[in-house]
Amino acid sequence: MSPATTARAAVADAWQGEWSRIVGALIRHTGDWDLAEECAQDAFTRALERWPLDGVPARPGAWLMTTARNRAVDRLRRATVEAAKLRELAAAPLPSLAAGEVDVQDDRLRLIFTCCHPALSDEARVALTLRTVAGLGTGEIARAFLVSERTMGQRLFRAKSKIRHARIPFRVPPREELPARLDGVLRVLYLLFNEGYAATAGPVPVRADLTGEAIRLARLLAGLLPDEPEVGGLLALLLLQNARSAARTDAAGDFVPLADQDRSRWDAARIAEGVAVLDRALGRRRPGAYQVQAAVAACHATAPGPEETDWRQIALLYGELARWAPGPVVELNRAVAVAMAEGPAAGLALLAPLTAAGTLDGYHLLPATRADLLRRLGRHREAALAYREALTLATSDTDRRYLAARLETATQSAADGGRARPAG
Amino acid sequence: MKYLLLICTDEGFDAPPGELDPTAWVEETDRAGIRLLGDRLRPSGDVTTVRVRDGAVLLTDGPFAETKEEMGGFDLIECADLDEAIEVAARHPMARFGMIEVRPLWG
């Protein structure tokens, strides 16, 4: 590799590892989020200029931190900020950069908790986490969420403005508040992952950049809070779901349901890692919603085929999940698992109260699930009606194509007068 | 850092007698030097909204925003940061039956 290539790779590496540490340290010392981001950005730009010429420094993180801090001192000096703040920054000890060191007062942890403060909206939390913790550019975040760069810029501006003017503290919450606040952080990472994985809108079914960032942030958080089993639970869940992503769409980009996926295309290394992370979390004997969901994902990921899947166990796990995070979507998933374990009629019986309650009105997966169970019972006419209903509600193109194909088959079977045998 | 707490009631809220009494909260926050000022407010039937347009003083009977919620009181508090202000607001008895808006002061 040429020195330029080596240097560029080193800068990219440092960006992954050091960005949030540098931004966090600068925010702690200056209280100025924009200044912190701009100076961190400057330090990386400078690294791109200098490292190809001078060689990659022995401790790239320390080089970047010093460069960013000097830049901040310069900027503050030019802005003639009060002398006290300037002295404090110039004299501040640089955060230790020893590898693997874990400290609850880590600046990155402060940054994550502040970005995910409950006084900020979900949208603002997700955007801010991507910008300041993950180090993505405003334009990249805007593209990932299919909004204009201007809209995303305003969203970030408003969030930072609230942090400053309402004085949201830059800190890790005290121990007694940690579980509740951690929930908020985990939710942001899960939202981020799902935005990339489920693609609520638009033509692309999986946005790998967002799922990748969510996993990277979950790894970081798991490293920073090794004693919190729900962090491990979330990381395991993301790894196990992500391991299946290559098999979730076919060559045409169409959605492939779990039962029809080519399991040889699942990422075995990711599955092994996810299972190991989950086992460690469960070993702490403080279960929670993410650990239970990861256990469901592990049942799927480790089954050689749909028939060998332990659906009884999955149905039990969904029952357990309802204790931690009750809700109609959990009930819907439990109905699917029961249908697999005990037959479509048993699942259909669980769907009836859900449909009657109306809490899932407008959610395409409720009629889509009903349609599938009706199809398996050979009730094709009713199945076609339910597929049609699901089709009017689905928003992503892959879901719509999948449902349209199923609708056509069901309509054909109904027209054959139900002579076709139930598909099982 | 100063925050204004707007104490709002929710329409049709139902609280056991005595549960809404903020006396203990007021005494505690006064003693801690957190609460600087505060009072109950008369109901919206006693409110007048004032506008001046083209030099003329225009009056409206009632608050400028017609909402189901009624602003029943306010407190001005001094706190280190938003987390502390949220903690103080959450201890106010009205937080359990109505809602409390936490507004940072501009200055």
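Residues numbered from 1 in each chain as written. Chains lettered and ligands numbered in written order. Predicted model: local features only at pLDDT ≥ 70, side-chain atom pairs only at ≥ 80, totals over all residues.

### Comments concerning the overall build of chain B
The following threshold applies: By the criteria applied, helices consist of DSSP H or I runs no shorter than four residues and strands consist of E runs no shorter than two, each listed in order from the N terminus. Exposed residues have 12 or fewer other C-beta atoms within 10 Å of their own C-beta, buried residues have 20 or more, and residues in between are partly exposed; the C-beta atoms are placed from the backbone. Any pair of residues counts as being in contact when their C-beta atoms, constructed from backbone geometry, are within 7 Å of one another.
On a plain count of helices and strands, chain B comes out with two helices and six strands. Secondary structure elements in chain B, listed N-terminal to C-terminal, are β-α-β-β-β-β-α-β. Expressed along its principal axes, the backbone C-alpha trace of chain B runs to roughly 45 × 35 × 20 Å. Burial status across chain B gives 13% buried among its 107 residues. Within chain B, contacts between residues separated by at least 24 positions form 78% of all contacts whose residues are at least 6 apart in sequence.

### Some points on the packing of helix α14 (residues 311-324) of chain A against helix α15 (residues 328-342) of chain A
Residue and element names in this part refer to chain A. As a reminder of what qualifies: Note on geometry: axes are C-alpha line fits, over the in-contact stretch for helices, and angles between N-to-C directions span 0 to 180 degrees. Note on angle classes: values under 35 degrees are labelled roughly parallel, values over 145 roughly antiparallel, values of 65 to 115 roughly perpendicular, and the remainder oblique. Put simply, a crossing is left-handed when the front helix is turned counterclockwise from the back one by less than a right angle, and right-handed when it is turned clockwise.
One way to put it is that α14 packs onto α15 with a least axis distance of 8 Å and a crossing angle of 160 degrees. As judged from the angle between their axes, α14 and α15 are roughly antiparallel. Of the two possible hands of crossing, α14 and α15 adopt the one that is left-handed. Contacts between α14 and α15 involve Trp311, Arg312, Ile314, Ala315, Tyr318, Gly319, Leu321 and Ala322 from the first element and Val330, Glu331, Asn333, Arg334, Ala337, Val338, Met340 and Ala341 from the second.

### Some points on helix α8 (residues 149-165) of chain A
Residues and elements named next belong to chain A. Where we set the bar: Between the first and last residue of a helix there are one fewer steps than residues, each counted as 1.5 Å, and that sum is the expected span. The directions from the helix axis to the C-beta atoms are what the arc is built from.
For α8, with 17 residues, the first-to-last C-alpha span of 24 Å sits near the 24 Å given by 1.5 Å per residue. Turning to α8, its buried residues number three or more, namely Met152, Arg155, Leu156, Ala159, Lys160 and Ile163. The buried residues of α8 all sit within an arc of 120 degrees when viewed along its axis, so they share a single face. Turned more than 90 degrees from where α8 packs its buried face, Arg150, Phe157 and Ser161 sit exposed. Residues of α8 that are buried make contact with α2 (33-54), α5 (107-115), α6 (122-133) and α7 (138-144). A positive backbone phi angle near 55 degrees is found at arginine 167, which sits one or two residues after α8.

### Here we look at the domain arrangement of chain A
In plain terms, the rule: An automatic or database domain assignment is the source of the domain bounds shown.
Looking at chain A, the domain boundaries give domain 1 (3-91) and domain 2 (362-424). Here the C-alpha centroids of domain 1 of chain A and domain 2 of chain A sit 56 Å apart.

### Considering the pairing of strand β4 (residues 56-61) of chain B
Residue and element names in this part refer to chain B. The cut-off we apply is this: The rule for pairing is simple: two strands pair if DSSP sees at least two bridges between them.
Burial analysis of β4 places just zero of its six residues in the buried class, a small minority of the element. Across six bridges, strand β3 (residues 48-53) lies against β4 in antiparallel orientation. Bridging across to β4, arginine 51 finds its partner in leucine 58. Where β3 hands over to β4, the hairpin turn is made up of two residues, of which aspartate 54 adopts a positive phi near 50 degrees.

### Details of helix α3 (residues 60-78) of chain A
Residue and element names in this part refer to chain A. The terminal C-alpha atoms of α3, which comprises 19 residues, lie 27 Å apart, in line with the 27 Å expected from a rise of 1.5 Å per residue. Where α3 is concerned, the buried positions are Trp63, Leu64, Met65, Thr67, Ala68, Arg69, Ala72 and Leu76. Where α3 is buried, its residues contact α1 (3-30), α2 and α4 (83-91). Backbone geometry just downstream of α3 places threonine 80 in the positive-phi region, at approximately 40 degrees.

### Brief notes about the interface of chain B and chain A
Applicable threshold: As a working rule, the residues Ala, Val, Leu, Ile, Met, Phe, Trp, Tyr, Cys and Pro are called nonpolar, Asp, Glu, Lys and Arg charged, and the rest polar, with Gly in that last group.
In this complex, chain B contributes five residues to the contact, which on the side of chain A involves six residues. Grouping the amino acids of the side of chain B that touches chain A by side-chain chemistry returns three nonpolar, no polar and two charged.

### Overview of the nonpolar core
Put simply, the rule reads: Buried Ala, Val, Leu, Ile, Met, Phe, Trp, Tyr and Cys residues form a nonpolar core when they are connected through C-beta atoms within 7 Å.
Core analysis: the biggest nonpolar cluster contains 128 residues, and Ile22, Leu26, Leu189, Ala218, Leu240 and Tyr387 of chain A have the highest contact counts within it. Among all residues touching leucine 189 of chain A, those that are not within four sequence positions of it are Ala214, Leu217, Ala218 and Leu234 of chain A.

### Regarding the environment of aspartate 279 of chain A
Residue and element names in this part refer to chain A. Along the chain, the position of aspartate 279 falls in helix α12 (residues 268-282). Accessibility expressed as a C-beta count within 10 Å gives 12 for aspartate 279, which makes it exposed. With 50 residues separating them in the primary sequence, aspartate 279 and proline 229 have C-alpha atoms 9.9 Å apart.

### Description of the confidence of the model for chain B
We apply this condition: A residue's pLDDT is the confidence the predictor assigns to it, expressed on a 0 to 100 scale.
Mean pLDDT over chain B works out to 92, with 100% of the residues at or above the 70 mark. Per the prediction output, this complex has pTM 0.81; the corresponding ipTM is 0.89.

### What to know about the sheet that holds strand β2 (residues 35-40) of chain B
Neighbouring strands of a sheet are bound in pairs by backbone hydrogen bonds; such pairs are parallel or else antiparallel. Residues and elements named next belong to chain B. One open sheet holds the four strands; their spatial order is β2-β5-β1-β6, and the pairing between them is antiparallel. Since the sheet does not close on itself, it has two edges, and those belong to β2 and β6 (99-104), each with one partner. Ignoring which end each strand starts from, the neighbouring axes of this sheet average 20 degrees apart. Looking at chain direction, strand β1 (residues 2-9) and β6 are connected through six bridges and run antiparallel. Paired with cysteine 8 across the two strands is methionine 99, which belongs to β6. Across the face of the sheet, helix α2 (residues 82-91) comes into contact with β1, β5 (70-78) and β6 while running at roughly 155 degrees to β6.

### Concerning the environment of tryptophan 324 of chain A
Residue and element names in this part refer to chain A. Mapping tryptophan 324 onto the fold places it in helix α14. Note on tryptophan 324: 15 C-beta atoms within 10 Å, which makes it partly exposed. Sequence separation of tryptophan 324 and valine 292 is 32 residues, and the distance between their C-alpha atoms is 8.9 Å. Leave out the neighbours within four places in its chain, and tryptophan 324 touches Gly288, Ala289 and Val292.

### A look at the environment of aspartate 13 of chain A
Residues and elements named next belong to chain A. Mapped onto the secondary structure, aspartate 13 falls in helix α1. C-beta crowding within 10 Å serves as the criterion here: with 13 such atoms nearby, aspartate 13 is assigned to the partly exposed category. Expressed as a C-alpha distance, the spacing of aspartate 13 and glycine 153, which sit 140 residues apart in the sequence, is 26 Å.

### Things to note about the packing of α1 of chain A against α5 of chain A
Packed helix pairs are specified by the crossing angle of their axes together with the interaxial distance, meaning the distance between the axes. Residues and elements named next belong to chain A. In the contact formed by α1 and α5, the axes pass within 8 Å of each other and the chain directions differ by 80 degrees. It follows from the interaxial angle that α1 and α5 lie roughly perpendicular. Every residue of α5 that contacts α1 at Ser20, Arg21, Val23, Gly24, Ala25, Ile27 and Arg28 is listed here: Asp107, Arg108, Arg110 and Leu111. Along the lines of polarity and charge, the residues of the contact of α1 with α5 split into four nonpolar, two polar and five charged.

### Here we look at the pairing of β5 of chain B
All names here are of chain B. Here β1 runs beside β5; their pairing, made up of eight bridges, is antiparallel. The partner of lysine 2 across the bridge, within β5, is glutamate 78. Bridge analysis of β2 against β5 gives five bridges, and the strand direction is antiparallel. The residue of β5 that forms the bridge with arginine 40 is glycine 73.

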